[in-house]
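# Residue-level structural notes
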Amino acid sequence: MFILRSLFYLFGIAGIAQLVSLEGYRALALAQYSEHSLTEYMQDVMALLSCILFFYASRLDDKLHIVSVLLAALLGMMFVRESDALLDQYVFDGAWQVIVLLILACVVTFLRGKLSKAYASLTEYSLQASAGVFLAGFVTLLAFSRLMGRSSFWQSVMGDSYIRVVKNIVEEGIETFGYSLVLISAVELVLACLKRKKYSLAATPRFFSPEQKNTSCC
């Protein structure tokens, strides 16, 4: 099963990389990798899917409930942030900030009186394989992609030959890879929760034989 999942993730990442390069192959020198590109839409979809999967995981395991809800809320806020252009256009300017603040307020309300349980849930999550993958994806998203996407760096390297789209391709490509890792971590958490639930149900006796009932009554 592990080998099959590894191959699935391998081909999945390869497919995503191919989709990132698709705009360049199709638009050639006109490629912009802007907020309305296929790459950005993939990031939106992966953020939304991760949010849904983390929330689903929260329904499967009591020990991981709190941390799963927090991860779902985090990915929900990231999805809203990635959709800022659409929200500004079709809702109102600055709509994404309002929605993010509302989600944050819900998180604070959810955590009220549950800090000790939240710590225990976070500790339990740290033991899961999903935690390491999520951390790698999160660091890639918030740190590595931003640092590699600095205009000053690319202007220094390319000088008078600076082309903004090159910077955009590198930054958005790395960011998409980070979202891919986060999505993989969400999938892994759901699979782990399903496995834990299966073992928990298997360990719970569902019925007693007549002899066992008589013994238990004595």
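Right above here is the structure, for reference.
The paragraphs below set out a description of the structure included in this document.

Rules used in this analysis
- Residues numbered from 1 in each chain as written.
- Predicted model: local features only at pLDDT ≥ 70, side-chain atom pairs only at ≥ 80, totals over all residues.
- Heavy atoms only, no water.
- 1 Å grid on protein atoms, 1.4 Å probe; cavity = no way out; pocket = protein on both sides within 12 Å on 5 of 7 lines; lining within 4 Å.
- Points joined across faces, edges and corners; volume = space filled by probe spheres on them.
- Helix = DSSP H or I, 4+ residues; strand = E, 2+ residues; numbered from the N terminus.
- Nonpolar A, V, L, I, M, F, W, Y, C, P; charged D, E, K, R; others polar.
- Phe/Tyr/Trp six-rings, centres within 6.5 Å; stacked < 30°, edge-to-face > 60°.
- Buried < 20%, exposed > 50% of the residue type's maximum accessible area, 1.4 Å probe, protein only.
- Lys NZ or Arg CZ within 6 Å of the ring centre and 35° of its normal.
- Salt bridge = Lys/Arg side-chain N within 4 Å of Asp/Glu carboxyl O.
- Contact = heavy atoms within 4.5 Å.
- Patch = residues over 30% accessible without salt bridge, like charges linked within 9 Å, V, L, I, M, F, W, Y side chains within 5 Å.
- Areas by Shrake-Rupley, 256 points an atom, 1.4 Å probe, with all protein chains shown as cover.

Here the focus is empty space enclosed by the protein. The tally for this structure, following the rule as stated, stands at one cavity of 30 Å³ or more. Approximately 50 Å³ is the volume found for the largest cavity. Every residue along the wall of the largest cavity is listed here: Glu35, His36, Tyr41, Asp44, Glu82, Ser83, Asp84, Ala85 and Leu86. For the lining of the largest cavity, the elements supplying multiple residues, two or more each, are helix 2 (38-58) and helix 4 (84-90). A per-element tally of the lining of the largest cavity places helix 4 first, with three residues.

This brings us to the layout of surface pockets. Counted as a void, the largest pocket has a volume near 460 Å³. At the level of elements, helix 3 (65-82), helix 5 (95-111), helix 7 (129-148) and helix 9 (164-203) are the ones that each hand at least two residues to the lining of the largest pocket. Ranked by residue count, the leading element in the lining of the largest pocket is helix 9, at seven residues. The residue inventory of the lining of the largest pocket, partitioned by class, reads nine nonpolar, two polar and 11 charged. There is about 220 Å³ of room inside the second largest pocket. What lines the second largest pocket is Met1, Arg5, Gln128, Ala129, Ser130, Glu188, Leu191, Ala192, Leu194 and Lys195.

Inspection of every chain in the model, using the stated rule, returns four aromatic pairs. Relative to Trp154, the ring of Phe153 lies with its centre 5.2 Å away and its plane at 75°, an arrangement referred to as edge-to-face. Look at Trp154 and you get buried, because its relative accessible area is 12%. Here the aromatic residues Phe54, Phe134 and Phe138 are joined through ring pairs into a cluster of three or more. Here the guanidinium or amino end of Arg81 rests over the ring plane of Trp96, the centre of that ring lying 4.7 Å away.

We now examine the pattern of salt bridges. Here the structure, examined in full by the defined rule, presents six salt bridges. A salt bridge links Asp84 to Arg81; the shortest N-O distance between them is 2.7 Å. What makes Asp84 buried here is its relative accessible area of 10%. When its relative accessible area of 40% is taken as the criterion, Arg81 is described as partly exposed. Close ionic contact of Lys167 with Glu171 constitutes a salt bridge, the shortest N to O distance being 2.9 Å. Taken together, the residues Lys167 and Glu171, both in helix 9 and four residues apart, mark about one turn of the helix. As far as burial versus exposure is concerned, Lys167 and Glu171 are alike and both buried. Three or more residues are tied together by salt bridges with common partners; here these are Asp61, Glu124 and Arg196.

Within the element layout of this structure, Thr140 appears in helix 7. With near-sequence residues (within four places) excluded, Thr140 lies in contact with Ser145, Ile174, Phe177, Gly178 and Leu181.

On the surface, a cluster of nonpolar side chains totalling about 710 Å² of accessible area is made up of Phe2, Ile3, Leu4, Leu7, Leu10 and Phe11. What makes Leu7 partly exposed here is its relative accessible area of 40%.

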